[in-house]
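Chains, contacts and geometry: an overview
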Amino acid sequence: VQLVESGGGLVQPGGSLRLSCAASGFTFSSYGMRWYRQAPGKERELVAGISSDGGSTVWLDSVKGRFTISRDNAKSTVYLQMNSLKPEDTAVYYCKAYLWATEYWGQGTQVTVSL
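Let me sum up the structure you'll find in this document.

Conventions we followed
Residues numbered from 1 in each chain as written. Predicted model: local features only at pLDDT ≥ 70, side-chain atom pairs only at ≥ 80, totals over all residues. Heavy atoms only, no water. Helix = DSSP H or I, 4+ residues; strand = E, 2+ residues; numbered from the N terminus. Rg over C-alpha atoms; globule rule 2.2 N^0.38 Å. Buried < 20%, exposed > 50% of the residue type's maximum accessible area, 1.4 Å probe, protein only. Disulfide = S-S within 2.5 Å.

So, the overall build of the chain
- Along its length, the chain carries zero helices and eleven strands.
- A compact globule built from 115 residues should have a C-alpha radius of gyration of about 13 Å, and the chain, at 13 Å, falls within 12% of that.
- The principal-axis extents of the C-alpha atoms in the chain amount to approximately 40 × 25 × 25 Å.
- Buried positions account for 42% of the 115 residues belonging to the chain.

The structure is reproduced here in C-alpha cells:
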C-alpha cells in the first residue's frame, strides 16, 4: 500500500498550488479520502475530505471557498486545489485513505506560503 503526495512547494501569499495524492495497493474507489495538515508546534488538523464516490465533502472552516478537493478513481488519485493561499496555510500536508477501521497515510508534502 502506498500513498504518495506531490505538488507542495514555496508560494507567495495569494498564490495557488495543487496537491496530488497517488494511491496504489488497495481498492482506491472504496475508500474515503482526506487531506490533513500539520504546522510546526501544532496538532494535525483535518483540512478536507471526500467520500469514496465523490458525492460528499467536508471542510475546515478556514479553507472554505479557497480549497477544492476532488478525486479521480480511474487514476487512483485525490487532489487538493489550494487558491488564495495565506501564510497560515504553511504546513506539511498529508493524505489519508480510510474505510471503516482501516486507514493509510502518505508521507506528507511541505507547503510554505511566504514572500
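There's more to say after this.
Some details on the state of the cysteines
- Summed over the entire model, instances satisfying the criterion amount to one disulfide.
- The disulfide partner of Cys 21 is Cys 95, and the S-S distance across this bridge is 2.0 Å. Negative torsions about the S-S bond denote left-handed disulfides, and the value of about 55 degrees found for Cys 21 with Cys 95 makes this one right-handed. Of this pair, Cys 21 sits in strand S3 (residues 17-24) while Cys 95 sits in strand S9 (residues 91-99), and the two are 74 residues apart along the sequence.
- With a relative accessible area of 0%, Cys 21 lands in the buried category.
- Residue classification places Cys 95 among the buried positions, given a relative accessible area of 0%.

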